[in-house]
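Read off the chains here:
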Amino acid sequence: MTIPVIDPFNITTDPNLSFLTAALNPITAQQELTKNLPQPLQKSNLCAIKVIRHKPGRRCLIEYNLTNPNNSTIPITLLGKVRAKGTDFKSYQLNKTLWQKEFTDNSNDGISIPEPIAIIPEFQMWLQRKVPGVTATKLLPQPQGIPLSKRIAEAIHKLHQAKIPPQRRHTIADELRILHERLPLVSQLKPQWETRLKQILAACDRVASITPEPQLLGIHRDFYPDQILVDNTRLYLLDLDLYCQGNPGLDIGNFIGHITEQSLRTLGHPEALVECENALAERFIQLAGEALRPAIQSYTTLTLVRHIYISTQFPERCQFTESLLELCEQRLK
């Protein structure tokens, strides 16, 4: 049988990812899967290969469809996460540890991560099982948005309480550094906003200076609605690649900032989903403590400021850049 290989990004022409020619070759891919998969899956046969995401020069995501040795009617799909700078052993080990800490598919609280499966060093890749579900991005505007927000707060709190020692640290000073690097790039595109952007940066510095730093924990650091997959009553936390030691309020503030930006861009008003934002914050504070409220508010604002720059990187979002600028100015008053 011919095994289909779908690569809409033509990743093998990326000079930093040219080694993936073998990963897209059905023969070598089957050999490496057979060699590296755990024993129960070594009898699986490769059915299809598809590249589903590509960040040029940095990373990509490859989907492998396999036969199921235990049930021929239910195929197995694995996602291979590839980094140009080398295999991400740390993320694989983090996911393995979380899987062993009650984040499995049958955890009693309904909060899970996709199962980490194996590493393929030759492809600079680690594999996880693909899980079903719909992103929270699509569900938050629906009637179930408020109870879902509360459940999301419980999911991220569970991650914080796992207390797996991170190997990196991220503080509010790092957030400010990113803003001071990115907003001048917006000034280059829109010189007429230079004074306003400088004022925003100065106000962000003041916000950071009065934001309390509670006990730092292991946090997601890139937590937003696309990082939650909802499968009926089960939630899956995705993409823990940036896991680090940080302020737990960052995760909630970042999530709320993304909801606000989503509301502005897709629903026409920044407060269209404010009830979901409040439900998320209040449930998290119930679990983690009132002391985190100021950090949540600060990181929400800093996230929205970062979105001023992000909006300039997507043609379909550029029309919202000035609205984000105005929103940040209002918040920083």
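If you're wondering where the values come from, they're calculated on a predicted model, not measured in any experiment. (Residues numbered from 1 in each chain as written. Predicted model: local features only at pLDDT ≥ 70, side-chain atom pairs only at ≥ 80, totals over all residues. Heavy atoms only, no water.)

1. Quick notes on helix α4 (residues 145-162)
Rules: Elements are defined by DSSP. Helices are runs of H or I of four residues or more, strands are runs of E of two residues or more, and each kind is numbered from the N terminus. A helix is expected to span 1.5 Å for every residue after the first. To sort residues, take the accessible area from a 1.4 Å probe on protein chains only and compare it with the maximum for the residue type: under 20% means buried, over 50% means exposed, and anything in between is partly exposed.
Taking 1.5 Å of rise per residue, the 18 residues of α4 would be expected to cover 26 Å, and the 26 Å separating its terminal C-alpha atoms lies within 8% of that figure. Buried within α4 are the following residues: Gly-145, Leu-148, Ser-149, Ile-152, Ala-153, Ala-155, Ile-156, His-157, Lys-158, Leu-159, His-160 and Ala-162. Positive phi shows up at Lys-163, right after α4, with a value of about 55°.

2. Observations regarding the sheet that holds strand β2 (residues 46-55)
Where we set the bar: Strand pairing is assigned whenever DSSP detects at least two bridges linking the two strands. We call two residues contacting when some pair of their heavy atoms lies within 4.5 Å. For helices, the fitted axis covers only the stretch in contact; all axes are lines through C-alpha atoms, and the angles between them, taken along N-to-C directions, range from 0 to 180 degrees.
Spatially, β1-β2-β3-β4-β7-β6 is the arrangement adopted by the six strands of the open sheet, whose pairing is mixed. A single partner strand is all that each edge strand has here, and the edge strands are β1 (5-6) and β6 (116-120). For strand β3 (residues 59-66) and strand β4 (residues 76-83), the ladder comprises eight bridges, and the chain directions are antiparallel. Counterpart to Ile-62 in the pairing with β4 is Gly-80. Relative to β6, helix α2 (residues 89-100) is tilted by about 155°, and along the sheet it contacts β6 and β7 (125-129).

3. Focus: the packing of aromatic side chains
Worth spelling out the cut-off: Note on aromatic contacts: the rings of Phe and Tyr and the six-membered ring of Trp form a pair at centre separations within 6.5 Å, being stacked when their planes are under 30 degrees apart, edge-to-face when over 60 apart, and tilted otherwise.
On inspection of all chains with the given rule, the structure shows two aromatic pairs. For the ring pair Phe-223 and Phe-255, a centre distance of 4.7 Å and an interplane angle of 45° mean the geometry is tilted. Remark: Phe-255 occurs in helix α7 (residues 248-267) and Phe-223 occurs in the loop between β9 (217-219) and β10 (228-231); sequence separation between them is 32 residues. Note on accessibility: Phe-223 and Phe-255 belong to one class, buried.

4. Quick notes on the sheet that holds β10
Here four strands make up an open sheet; going across it, the order is β5-β11-β10-β8 and the pairing mixed. The sheet is open, and its two edges are formed by β5 (111-112) and β8 (134-135), each paired on a single side. One ladder, built from two bridges, connects β5 with strand β11 (residues 234-237); its direction is parallel. Within β11, the residue paired with Ile-111 across the bridge is Leu-235. Each of β5, β10 and β11 touches α4; the most contacted strand, β11, lies at about 50° to it.

5. Structural notes on the layout of surface pockets
The following threshold applies: Lining residues are defined by having an atom within 4 Å of a point belonging to a cavity or pocket. Those points lie on a 1 Å grid over the protein atoms alone, cavities being sets where a 1.4 Å probe fits but cannot get out and pockets being open sets with protein on both sides within 12 Å along at least five of seven lines. Grid points are joined across faces, edges and corners, and a volume is the space filled by probe spheres set on the points. Throughout this entry, Asp, Glu, Lys and Arg are counted as charged residues, while Ala, Val, Leu, Ile, Met, Phe, Trp, Tyr, Cys and Pro are counted as nonpolar. The remaining residues, Gly among them, count as polar.
In this model, the second largest pocket occupies a volume close to 350 Å³. In this structure, the second largest pocket is lined by 18 residues; those nearest its centre are Ile-256, Glu-277, Asn-278, Thr-300 and Arg-331. Counting only elements with at least two residues in the lining of the second largest pocket, the list comes to α7, α8 (274-288), α9 (293-311) and α10 (321-332). Top element by residues in the lining of the second largest pocket is α8. It accounts for six residues. Classifying every residue of the lining of the second largest pocket gives eight nonpolar, five polar and five charged.

6. Regarding empty space enclosed by the protein
Tallied over the entire structure, the rule returns one cavity of 30 Å³ or more. Of the volumes computed, that of the largest cavity is approximately 30 Å³. Forming the boundary of the largest cavity are Lys-81, Asn-95, Trp-126, Gln-128, Leu-237, Leu-238, Asp-239, Leu-240 and Asp-241. When the residues that make up the lining of the largest cavity are grouped by side-chain class, the tally is four nonpolar, two polar and three charged.

7. Re the packing of helix α5 (residues 172-189) against helix α6 (residues 194-209)
Spelled out, the test is: Roughly parallel refers to an angle under 35 degrees, roughly antiparallel to one over 145, roughly perpendicular to one between 65 and 115, and oblique to any angle outside these ranges.
The N-to-C vectors of α5 and α6 enclose an angle of 175°; their axes lie 10 Å apart at closest approach. The pairing of α5 with α6 is recorded here as roughly antiparallel in orientation. Every residue of α6 that contacts α5 at Ile-172, Leu-176, Leu-179, His-180, Leu-183, Val-186 and Ser-187 is listed here: Glu-194, Leu-197, Ile-200, Leu-201, Cys-204, Asp-205 and Ala-208.

8. Regarding the pattern of salt bridges
Test applied: Note on definitions: salt bridges are taken to be side-chain nitrogens of Lys or Arg within 4 Å of carboxyl oxygens of Asp or Glu.
Scanning all chains against the criterion turns up 21 salt bridges. Residue Glu-32 is joined to Lys-35 by a salt bridge in which the shortest nitrogen-to-oxygen separation is 3.4 Å. In this pair, Glu-32 and Lys-35 are both assigned in helix α1 (residues 26-36), three residues apart and thus about one turn of the helix distant. A relative accessible area of 13% places Glu-32 in the buried class. Two residues, Glu-181 and Arg-182, come together in a salt bridge whose shortest N-O distance is 3.4 Å. Given the relative accessible area of 38%, Glu-181 is considered partly exposed. A residue is classified by how much of its surface remains accessible, and Arg-182, at 29% relative accessible area, is partly exposed. Linked through salt bridges whose partners overlap, the residues forming this network are Asp-174, Arg-177, Glu-181 and Arg-182.

9. Topic: unusual backbone geometry
The phi angle of most residues is negative, glycine excepted, and most peptide bonds adopt the trans form. At Asn-10, a residue that is not glycine, the phi angle is positive and equals roughly 55°. Inspection of the secondary structure assignment puts Asn-10 in the loop between β1 and α1. In this structure, Asn-232 takes a positive phi of about 60° despite not being glycine. As for its position among the elements, Asn-232 is in the loop between β10 and β11.

Read these as geometric descriptors, not functional statements.
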